[in-house]
Amino acid sequence: MLGRTANGLYWMFRYIERAENIARLVDAGQRMSLTRSGAAEDDWDGVLQSAGVREAYNEVHGKLTGADAIDYLLRDRSNPSSVMSCIDYGRNNARMVRTALTRDTWEATNECWIELKTLLGKRLKTAEVPEMIEVIKRRAGLIRGAFHGSMLRNELYNFARIGTFIERADNTARILDVKYYVLLPSISHVGSSLDNAQWESILRSVSAHRAYKWAYDPEYKPANIADFLILNGQMPRSLAYCYEKIVSNIGYLGTEYDQRLPAHDTADAIRKMLQTLTVKSIMDQGLHEFLEDFVSRNNKLSAEISDGYRFYQ
């Protein structure tokens, strides 16, 4: 396998996952802004901060508004992390590795690009945003479904999976961090009905609302929700679940090529950290501080994987 093919698959699936998760981040911001009686526009500052594009947004827009923030995150091509930019990059990477993909996977990717290019060709009205988010999530799910249902479980599959779960872990941490930014100015609301509504919005944005009620008391408790999205290994978008899959897929590559690289040690260390932490220790440290540290560790692993492409050929 060429390093170029590994790189293309890794980034193809990172971009597809990122597109879906940016849409989920917009969903979280919109849901929470609707729970507040005032200063709703300020909530979007937290969303842009969590997406890592606050400064870039300022270069395009002089004033922060919800409508401009949504447009910047969903369709602005000057934003390399917008949904439309990510779908473009994902499709371009898919074209580069076309011969390594099944026909079903390529067609699902191409059809996603065609539909979103049309739907995001114009600025959306506020009432159109929820349906647009559902289309993005549905299309990303179709790509994953086509890939999982038709690809051999070989090194190509492993690189795609690693890209998916590194990106998913990053974005789950960022979506959870939105809660920190939104609630921070109104700490007096902790435990209130407003606080509960905002936590419910976080769960709904990661399609975890019903699953949370299966796993925990129906009451929305910040510690339980943090535990669910960070440490619960049964939750497919939790940080712990993502790292179980990352370590597994990196391990398959190491065995197949008889190579142990720095990325193996970093992934193992992050998984061990998540296995030994408790939600109490995370809350004592500070949720925001923990999430910042996790994102930094996740980025370090991503860089090490990129450095390791040359060994898999």
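Residues numbered from 1 in each chain as written. Predicted model: local features only at pLDDT ≥ 70, side-chain atom pairs only at ≥ 80, totals over all residues. Heavy atoms only, no water.

(A) Here's a closer look at helix α13 (residues 262-276). Taking 1.5 Å of rise per residue, the 15 residues of α13 would be expected to cover 21 Å, and the 21 Å separating its terminal C-alpha atoms lies within 8% of that figure. Considered for burial, the residues of α13 that qualify are A263, H264, T266, A267, I270, M273 and L274. Contacts made by the buried residues of α13 are with α11 (222-230), α12 (239-257) and α15 (287-307). (Helix = DSSP H or I, 4+ residues; strand = E, 2+ residues; numbered from the N terminus. Expected span 1.5 Å × (residues − 1). Buried < 20%, exposed > 50% of the residue type's maximum accessible area, 1.4 Å probe, protein only. Contact = heavy atoms within 4.5 Å.)

(B) How the structure looks around the pattern of salt bridges. Enumeration over the complete set of coordinates arrives at 26 salt bridges. The closest approach of N and O atoms between E107 and R103, which form a salt bridge, is 2.8 Å. Here E107 pairs with R103, and both are found in helix α6 (residues 103-119), just four residues apart, close to one helical turn. Under the relative-accessibility criterion, E107 is labelled partly exposed at 30%. The salt bridge involving E128 is made with K122; its shortest N-O contact spans 3.9 Å. On the basis of relative accessibility, which here comes to 30%, the residue E128 falls in the partly exposed class. Sharing partners across several salt bridges, the network here consists of E17, E20, R24, R144, R168 and R237. (Salt bridge = Lys/Arg side-chain N within 4 Å of Asp/Glu carboxyl O.)

(C) Spotlight on the packing of aromatic side chains. Counted according to the given criterion, the structure contains twelve aromatic pairs. Ring geometry for Y216 and F228: centres 5.5 Å apart, planes at 80°, overall edge-to-face. A residue pair is termed long-range when its members are at least 10 positions apart, and Y216 in the loop between α10 (209-215) and α11 and F228 in helix α11 qualify at twelve residues. Owing to a relative accessible area of 16%, Y216 belongs among the buried residues under this scheme. Among the aromatic residues, those joined into a cluster by ring pairs are Y10, W11, Y15 and Y89. R91 extends its terminal NZ or CZ atom over the ring of W113, reaching a point 3.7 Å from the ring centre. (Phe/Tyr/Trp six-rings, centres within 6.5 Å; stacked < 30°, edge-to-face > 60°. Lys NZ or Arg CZ within 6 Å of the ring centre and 35° of its normal.)

(D) Here's a closer look at the packing of helix α1 (residues 3-33) against helix α7 (residues 129-150). The N-to-C vectors of α1 and α7 enclose an angle of 155°; their axes lie 10 Å apart at closest approach. By the angle between their directions, the pair α1 and α7 is classed as roughly antiparallel. Judged by the sense of rotation from one axis to the other, the crossing of α1 with α7 is left-handed. Contacts between α1 and α7 pair F13, I16, E17, A19, E20, A23, R24, V26, D27 and Q30 from the former with V129, P130, I133, I136, K137, A140, I143, R144 and F147 from the latter. Within the contact of α1 with α7, the residues separate by chemical class into twelve nonpolar, one polar and six charged. (Axes fitted to C-alpha atoms, helices over the stretch in contact; angles between N-to-C directions. Parallel < 35°, antiparallel > 145°, perpendicular 65-115°, else oblique. Left-handed = near helix turned anticlockwise from the far one by under 90°. Nonpolar A, V, L, I, M, F, W, Y, C, P; charged D, E, K, R; others polar.)

(E) Layout of the environment of R139. Its location among the elements puts R139 in helix α7. A relative accessible area of 18% means that R139 is categorised as buried. Between the C-alpha atoms of R139 and T109, which are 30 residues apart in sequence, the distance is 8.2 Å. When neighbours within four sequence positions are excluded, R139 is seen to be in contact with E111, C112 and E115.

(F) Structural detail: the nonpolar core. Ranked by size, the top nonpolar core spans 99 residues in total, and within it V83, L116, I230 and L274 carry the most contacts. A total of 14 residues in this core trace back to one element, the largest contributor, which is α1. The residues touching V83, leaving out its near neighbours within four places in the chain, are A19, I22, A23, L73, L74, L116, L120 and I136. (Core = buried A, V, L, I, M, F, W, Y, C linked by side-chain atoms within 4.5 Å.)

(G) Highlighting the confidence of the model for the chain. Predicted confidence across the chain gives a mean pLDDT of 88, with 89% of residues reaching 70 or more. Note on residues 183-191: pLDDT is under 50 here. Beyond four places in sequence and across chains, it has nine contacts. (pLDDT = per-residue confidence, 0-100.)

(H) Quick look at the packing of α6 against α7. Close contact between α6 and α7 brings their axes to 8 Å; oriented N to C, the two are set at 170°. Of the possible angle classes, the one that applies to α6 and α7 is roughly antiparallel. Two secondary-structure elements touch here, α6 through D104, T105, A108, T109, E111, C112, E115, L116 and L119 and α7 through M132, V135, I136, R139, L142, I143, A146, F147 and S150. Residues of the contact of α6 with α7, tallied by class, amount to eleven nonpolar, three polar and four charged.

(I) Examining the environment of K300 more closely. Locating K300 in the fold gives a position in helix α15. Separated by 33 residues in sequence, K300 and A267 have C-alpha atoms that sit 9.6 Å apart. Within polar-contact distance, the side chain of K300 engages the side chain of E304 at 2.9 Å. (Polar contact = N/O pair within 3.5 Å; in protein donor to acceptor, adjacent residues only side chain to side chain.)

(J) Here's a closer look at the side chain of D170. Checked against the element boundaries, D170 lands in helix α8 (residues 155-183). Only 2.8 Å separates the side chain of D170 from the side chain of R174, close enough to count as a polar contact. When near neighbours in sequence (up to four residues on either side) are disregarded, D170 contacts V295, N298 and N299.

(K) Representation of the side chain of N232 within the structure. With respect to the helices, strands and loops of the structure, N232 is situated in the loop between α11 and α12. Note on N232: relative accessible area 13%, which makes it buried. Other than its neighbours up to four places away in sequence, N232 contacts A215, Y216, D227 and S238.

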